[in-house]
Protein chains: 2
Amino acid sequence: MKKVGNQSYFMSKPINILSTACIVGPKEKDGPLNAYFDQCLEDEFWGENSWEKAESKIIKETVNTAIAKSKIASSSIDFVFAGDLLNQCISSSFGLRESNIPFFGIFGACSTFGEALTLGSMTIDGDFATNVVCAASSHFCSAEKQFRFPLELGNQRAPSSQWTVTGSGAAVLSKDGEGPYVTAITPGKIVDMGIKDANNMGAAMAGAAQDTLLCHFKDTGRNPSYYDAIFTGDLGHVGKDILIDLMETKGYNIKANYNDCGVLIFDKEQQDTHSGGSGCGCSASVFCGYISHMFKEGKYKKVLLMPTGALMNSTTSQQGESIPGIAHAVAIEATCPNL
Amino acid sequence: MKKVGNQSYFMSKPINILSTACIVGPKEKDGPLNAYFDQCLEDEFWGENSWEKAESKIIKETVNTAIAKSKIASSSIDFVFAGDLLNQCISSSFGLRESNIPFFGIFGACSTFGEALTLGSMTIDGDFATNVVCAASSHFCSAEKQFRFPLELGNQRAPSSQWTVTGSGAAVLSKDGEGPYVTAITPGKIVDMGIKDANNMGAAMAGAAQDTLLCHFKDTGRNPSYYDAIFTGDLGHVGKDILIDLMETKGYNIKANYNDCGVLIFDKEQQDTHSGGSGCGCSASVFCGYISHMFKEGKYKKVLLMPTGALMNSTTSQQGESIPGIAHAVAIEATCPNL
């Protein structure tokens, strides 16, 4: 590892992304990224009798699929890093309770998959692990029930509101393999822009995304053009536009190669998803499906993935608090320039 | 780092515990460990208008106190690892949103402080960090409100139930210093014993504690007598007795030097706390107060701290689920035998 600047790190070992897997729900199946998911469910229950149990099953089967694709024995995996949006991260802990792998529960709201890749990469680079699993999940119905209103209410949604992705993504990281590789990380700080509108998460998280992105560029000496593509997690249409503007005020034009996983996963016009997708499963499934596929096809060689999270709950909103955000940047490249 | 056995690691660098701090509530003040806390609050609000905001203030001030005692500039701290019991870990993210330090939110229920020490130690040993802060908090009132019943109900408590500690503990880990040191870690797996009684967390977590403890002894070749003292996080009186029995069935007698932070923090007879203390703040404040003090006085030279967590929420109990547990073991020694 080589620390550069204030808070970025180049890996000193190849952190190979050996396999990825993603399982998503029916609405994601109807979206533009349909072709890239390993499995699409026909309904939100998947044979379970609650949304929470369905979400646990989704992350469990996603992790199992990623491990199967990696051809690594489950007993050779040193750690799992996993988290989700449900209270006390129950999707991850119940879904993975039979995995028999040392477990680190993490919570970074919708930045969780970025946090998992960051911590997983550090444990491999630091020689603590040979293979790790990084996973995150979310579920539209369990999230609506918990954060907003009963689904049965048919509540109206604000134009800036986002649609929680039902889905999970999991990646097996390993010392061995032929790439793509995690080559650099910029773990994020909490940034609170003072936004209090829980129906405008994109705006609330944009400041954190800017903070981490600026830091990544300054620390590494890279420019936006270094990457074939830059992806935030789930700023959605509203937050994406804000981030472009915020970066412009600092002299960075990211328009050419920047997009957001929440913008990509749904068709705004056809699917009535307003500002786009959100949830831990958003960046996780888009990375493990679409982005990984582009690497395999050689269409991407350098990507910056930056999952974004809004660190709030319904109580904090009811108590008049603003919404702090966080973003963790992970550079993924087909080769390892810094090794 | 040297991996030993299946899931234990000896550190290859000194992971120095540079400072610790703990702030607790009024009931903890009245308990037997009163003399060891940095600060005891007169009431559960600390001038805030909600329990959640009070808990955020407690972890914030605890972290600030630990950093001040370490004499390290806040800008020289590479990461914070922190978590709590509140939905979406809001105590940590709101409490630490102004810290301006890269932040990793973690969730291990009441094992969170053990998870923080484990991950923090790995990032220092792996050269990613020079200094990290590890912190956890809980609050009796915010936890009761969220997990059980409104406090105003004056609900009756089962004999096996535990009393969530109002308090926080924080430790600054550093490459530099004169000890005590984190010398070994055994990250735990999720273990589900099939216990469904949410008023008997000690029983639910005892299996995970046994699993990690057995693993630690087998991996490291150490016996219980290697340590001056072994502490679980919050098994309480009920879980403590179960763990002693479970270990005995495997040929380990831990009676002589084993205790539980939840047993120590309250006076069972005088304070009406039934099976004892619990919560992320339990092992965190007992370690950062009492146990650290014993190291300073030279009374302890080798301690195994093993915070324990019950990975459930109120929805999982209502849906008839059992309660999975987890425990992370951290060996702390006055010197570094393995360096």
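What you see is a predicted model; the values in this text were computed from it and never measured.

## So, the overall build of chain A
Then comes step 1: Per the secondary structure count, chain A includes 11 helices and 17 strands.
Then comes step 2: Dimensions of chain A, computed from the C-alpha atoms along their principal axes, are close to 55 × 50 × 35 Å.
Then comes step 3: Within the span of chain A, comprising 339 residues, buried residues form 64% of the whole.
Then comes step 4: Considering only contacts in chain A between residues 6 or more positions apart, those separated by 24 or more positions represent 78%.

## Observations regarding the sheet that holds strand β16 (residues 324-327) of chain B
Residues and elements named next belong to chain B.
Then comes step 1: Here we have 3 strands laid out as an open sheet, ordered β10-β16-β15, and antiparallel in their pairing. Sheet topology places β10 (191-192) and β15 (308-310) at the edges, where each strand pairs with a single neighbour.
Then comes step 2: Here β10 runs beside β16; their pairing, made up of 2 bridges, is antiparallel. Note that in β16 the partner of valine 191 across the bridge is glycine 325.
Then comes step 3: Contacting β10, β15 and β16, helix α6 (residues 201-220) runs over the sheet at an angle of about 45° to β16.

## Concerning the pairing of strand β8 (residues 167-174) of chain B
All names here are of chain B.
Then comes step 1: With respect to burial, β8 is a largely interior element, 8 of its 8 residues being buried.
Then comes step 2: The side-chain alternation of β8 yields two buried faces, one formed by Gly167, Gly169, Ala171 and Leu173 and the other by Ser168, Ala170, Val172 and Ser174.
Then comes step 3: Where strand β2 (residues 8-24) meets β8, 8 bridges bridge the pair, whose relative direction is antiparallel. Opposite alanine 21, over in β8, you have alanine 170 as the bridge partner.
Then comes step 4: Pairing analysis gives 8 bridges linking strand β6 (residues 131-138) to β8, with the strands arranged antiparallel. The partner of asparagine 131 across the bridge, within β8, is serine 174.

## A few points about the relation of the copies chain B and chain A
Then comes step 1: Superposing chain B onto chain A requires a rotation of 180° together with a translation of 0.0 Å along the rotation axis, leaving an RMSD of 0.0 Å. On this basis, the relationship between the two copies can be described by a two-fold rotation axis.

## Section: helix α4 (residues 112-125) of chain B
Residues and elements named next belong to chain B.
Then comes step 1: For α4, built from 14 residues, the straight-helix expectation of 20 Å at 1.5 Å per residue is met to within 8% by its first-to-last C-alpha distance of 20 Å.
Then comes step 2: Among the 14 residues that make up α4, 14 are buried, leaving the element largely enclosed by the rest of the structure.
Then comes step 3: The first or second residue beyond α4 is aspartate 127, which carries a positive phi of 75°.

## Focus on the domain arrangement of chain A
Residues and elements named next belong to chain A.
Then comes step 1: Parsing chain A into structural domains produces domain 1 (2-174) and domain 2 (181-333).
Then comes step 2: The gap between the C-alpha centroids of domain 1 and domain 2 is 16 Å.
Then comes step 3: On the side of domain 2, 59 residues touch domain 1, which itself brings 59 residues to the contact.
Then comes step 4: Within the residue set of the side of domain 1 that touches domain 2, elements represented by two or more residues are β2 (8-24), α1 (26-29), β4 (79-84), α4 (112-125), β6 (131-138), α5 (140-147), β7 (163-164) and β8 (167-174).

## Quick look at the sheet that holds strand β10 (residues 191-192) of chain A
Across a sheet, paired strands are connected by hydrogen bonds in the backbone, their directions being either parallel or antiparallel.
All names here are of chain A.
Then comes step 1: With antiparallel pairing, the 3 strands of this open sheet are ordered in space as β10-β16-β15. The open sheet is flanked by β10 and β15 (308-310), the only strands paired with a single partner.
Then comes step 2: Note: β15 against strand β16 (residues 324-327), 3 bridges, orientation antiparallel. Each residue of the ladder has a partner; that of threonine 308, found in β16, is alanine 327.
Then comes step 3: Across the sheet, helix α6 (residues 201-220) touches β10, β15 and β16, and the angle it forms with β16 is around 45°.

## A look at the packing of α4 of chain B against helix α10 (residues 280-296) of chain B
All names here are of chain B.
Then comes step 1: In the contact formed by α4 and α10, the axes pass within 7 Å of each other and the chain directions differ by 60°. Of the possible angle classes, the one that applies to α4 and α10 is oblique. Contact residues: α4 offers Thr112, Phe113 and Gly114, while α10 offers Cys280, Ser283, Ala284 and Phe287.
Then comes step 2: Class assignment of the residues belonging to the contact of α4 with α10 gives a composition of 4 nonpolar, 3 polar and no charged.

## A word on the interface of chain B and chain A
Then comes step 1: In this assembly, 48 residues from chain B lie in contact with 48 residues from chain A.
Then comes step 2: Elements represented by at least two residues in the side of chain B that touches chain A include exactly α2 (51-70), β4 (79-84), α3 (90-95), β5 (103-105), α4, α11 (314-318) and β16 of chain B.
Then comes step 3: Across the side of chain B that touches chain A, the residue classes break down as 23 nonpolar, 16 polar and 9 charged.

## Considering the nonpolar core
Then comes step 1: Counting 227 residues, the largest nonpolar core has Val133 and Cys134 of chain A together with Val133 and Cys134 of chain B as its most contacted members.
Then comes step 2: In this structure, valine 133 of chain A is in contact with Val63, Ala66, Ile67, Ile77, Val80, Ala170 and Val172 of chain A, ignoring residues within four places of it in sequence.

## Considerations on the pairing of strand β9 (residues 181-186) of chain B
Regular strands place side chains that alternate from one sheet face to the opposite one.
Residue and element names in this part refer to chain B.
Then comes step 1: Of all 6 residues in β9, 6 are buried; the element is thus mostly enclosed.
Then comes step 2: For β9 and strand β17 (residues 329-333), the ladder comprises 5 bridges, and the chain directions are antiparallel. Within the sheet, the bridge partner assigned to threonine 186 lies in β17 and is alanine 329.

## A word on helix α10 (residues 280-296) of chain A
Residue and element names in this part refer to chain A.
Then comes step 1: The end-to-end C-alpha distance of α10 is 23 Å, a good match for the 24 Å that 17 residues give at a rise of 1.5 Å each.
Then comes step 2: In α10, a bend of some 40° at phenylalanine 287 exceeds every other bend along the element.
Then comes step 3: Burial of α10 is extensive: 14 of the 17 residues sit out of reach of the surface.
Then comes step 4: One or two steps after α10, the chain reaches glycine 298, where phi turns positive at roughly 80°.

## Some words on the environment of threonine 220 of chain B
Residues and elements named next belong to chain B.
Then comes step 1: One can find threonine 220 in helix α6.
Then comes step 2: You can call threonine 220 buried: it has 21 C-beta atoms within 10 Å.
Then comes step 3: Residues threonine 220 and tyrosine 9 lie 211 residues apart in sequence; the distance between their C-alpha atoms is 8.3 Å.
Then comes step 4: Among residues more than four places away in sequence, those in contact with threonine 220 are Val4, Ser8 and Ala184.

## Observations regarding the environment of glycine 179 of chain A
All names here are of chain A.
Then comes step 1: Tracing the backbone shows glycine 179 in the loop between β8 and β9 (181-186).
Then comes step 2: When the 18 C-beta atoms within 10 Å are taken as the criterion, glycine 179 is described as partly exposed.
Then comes step 3: Separated by 138 residues in sequence, glycine 179 and leucine 41 have C-alpha atoms that sit 29 Å apart.
Then comes step 4: Discounting residues that sit within four places of it in the chain, glycine 179 has contacts with Asn16, Ala334 and Thr335.

## Brief notes about unusual backbone geometry
Then comes step 1: Proline 180 of chain A follows glycine 179 of chain A through a cis peptide bond whose omega is 0°.
Then comes step 2: Turning to its location among the elements, proline 180 of chain A is positioned in the loop between β8 and β9.

What counts, and at which threshold
- Residues numbered from 1 in each chain as written.
- Chains lettered and ligands numbered in written order.
- Predicted model: local features only at pLDDT ≥ 70, side-chain atom pairs only at ≥ 80, totals over all residues.
- Helix = DSSP H or I, 4+ residues; strand = E, 2+ residues; numbered from the N terminus.
- Buried ≥ 20, exposed ≤ 12 C-beta atoms within 10 Å, placed from the backbone.
- Contact = placed C-beta atoms within 7 Å.
- Pairing = 2+ DSSP bridges.
- Axes fitted to C-alpha atoms, helices over the stretch in contact; angles between N-to-C directions.
- Least-squares fit on C-alpha atoms with pLDDT ≥ 70 in both.
- Expected span 1.5 Å × (residues − 1).
- Domains from an automatic or database assignment.
- Parallel < 35°, antiparallel > 145°, perpendicular 65-115°, else oblique.
- Nonpolar A, V, L, I, M, F, W, Y, C, P; charged D, E, K, R; others polar.
- Core = buried A, V, L, I, M, F, W, Y, C linked by C-beta atoms within 7 Å.
- Bend = angle between axes of the 7 residues up to and from the residue.

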